[in-house]
Amino acid sequence: MLKRFSISLEENLLKDFDSYIAKRQYDNRSEAIRDLIRKSFVRQEWEAGHNVVGVISLVYDHHQPQLQEKITELQHNYHHLINSTTHIHMDHDHCLEVIIVRGKAKKVQELAESLIATRGVKDGNLAMNSTGDHLH
Ligand code: NI
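Given the structure is predicted, the values throughout are model-derived calculations rather than measurements. (Residues numbered from 1 in each chain as written. Predicted model: local features only at pLDDT ≥ 70, side-chain atom pairs only at ≥ 80, totals over all residues. Heavy atoms only, no water.)

Here we take up the coordination of the nickel ion. Distances from the nickel ion to its protein donors, His87 (NE2), His89 (ND1) and Cys95 (SG), fall within 2.1 to 2.4 Å. Each donor residue of the nickel ion belongs to the same chain, with the gaps between them written as H-x1-H-x5-C. Taking the relative accessible area as the measure of exposure, His87 reaches 29% and is therefore partly exposed. (Donors = N, O, S within 2.8 Å, 3.2 Å for Na, K, Ca; no water. Buried < 20%, exposed > 50% of the residue type's maximum accessible area, 1.4 Å probe, protein only.)

Here is the structure:
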């Protein structure tokens, strides 16, 4: 059930908010505010070390000696966290690996950091997701 409440904002802040939501294609302020609230709950779930889901993406040159083996070995060390891994051959030299993970936030971050810090990984990212429901 939806409940209504009103919010008071400084004029400038509201102006900035309206241009923010227009850029992000929101139809109305309510949906934008709901997303912002949920996003902050998701962040809190990660910070509190709850069970979370996430997506790790890595870009690397597969010619780099031993790199592929290292990435595979790290994933085996954390196999209980990994739901699936997809490997895409981006171009002649580069691979994109997308790893879907699930588990305690701290462990998931540890895995992502080790993968991203591996020498030869050119780009890496951890998308931190969750439902935001854990707090209630
Ligand atoms: Ni490849």
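In space, the 4 strands of this open sheet follow the order 2-3-1-4, with antiparallel pairing throughout. Unpaired on one side and paired on the other, strand 2 (82–89) and strand 4 (121–129) mark the two borders of the sheet. Strand-to-strand twist across the sheet, computed as the mean angle between neighbouring axes with direction ignored, equals 15°. Relative to the sheet, helix 3 (residues 67–77) contacts strand 1 (51–61), strand 2, strand 3 (94–104) and strand 4, its axis offset from that of strand 1 by approximately 170°. (Pairing = 2+ DSSP bridges. Helix = DSSP H or I, 4+ residues; strand = E, 2+ residues; numbered from the N terminus. Axes fitted to C-alpha atoms, helices over the stretch in contact; angles between N-to-C directions. Contact = heavy atoms within 4.5 Å.)

Counting residues in each nonpolar core, the largest one holds 22 residues, and the members touching the most others are Ile56, Leu58, Leu111 and Leu115. Where this core is concerned, the elements lending two or more residues are helix 2 (29–47), strand 1, helix 3, strand 3, helix 4 (105–117) and strand 4. Considering each element in turn, this core owes the most residues, 5 residues, to helix 4. When residues no more than four places from it in sequence are discounted, the contact partners of Leu115 are Ile56, Leu58, Ile71, Leu74, Gln75, Ile99 and Val121. (Core = buried A, V, L, I, M, F, W, Y, C linked by side-chain atoms within 4.5 Å.)

According to the stated counting rule, one finds 4 salt bridges in the structure shown. Ionic pairing is found between Glu31 and Arg34, a salt bridge with its closest N-O pair at 2.8 Å. Remark: Arg34 and Glu31 occur in helix 2; sequence separation between them is 3 residues, near one turn of the helix. Classification of Glu31 by relative accessible area gives partly exposed; the value is 28%. For Arg34, a relative accessible area of 29% puts it in the partly exposed group. (Salt bridge = Lys/Arg side-chain N within 4 Å of Asp/Glu carboxyl O.)

The subject of this paragraph is the domain arrangement of the protein. Split into domains, the protein comes out as domain 1 (11–47) and domain 2 (50–135). Centre-to-centre separation of domain 1 and domain 2, based on C-alpha positions: 28 Å. Between domain 1 and domain 2, the contact holds 5 residues from the first and 17 residues from the second. At the boundary of domain 1 with domain 2, total buried surface from both sides reaches about 860 Å², with 69% on carbon and sulfur atoms. (Domains from an automatic or database assignment. Buried area = accessible area lost by both parts, 1.4 Å probe.)

The next thing to look at is the side chain of Glu97. When you line up the elements, Glu97 lands in strand 3. Here Glu97 is buried and forms no salt bridge, its nearest opposite-charge partner Lys70 lying at an N-O distance of 14 Å. Of note is the side chain of Glu97, whose polar atom sits 2.8 Å from the side chain of His87. Residue contacts for Glu97: discarding those within four places in its chain leaves Ile56, Ser57, Leu58, Tyr60, Ile71, Gln75, Thr85, Thr86 and His87. (Lys, Arg positive; Asp, Glu negative; His and termini not counted. Polar contact = N/O pair within 3.5 Å; in protein donor to acceptor, adjacent residues only side chain to side chain.)

A contiguous nonpolar patch, built from Phe5, Ile7, Leu9 and Leu13 and spanning about 410 Å² of accessible area, is present on the exposed surface. Structurally, Leu13 is set in helix 1 (residues 11–23). By relative accessible area, Leu13 is classed as partly exposed at 44%. (Patch = residues over 30% accessible without salt bridge, like charges linked within 9 Å, V, L, I, M, F, W, Y side chains within 5 Å. Areas by Shrake-Rupley, 256 points an atom, 1.4 Å probe, with all protein chains shown as cover.)

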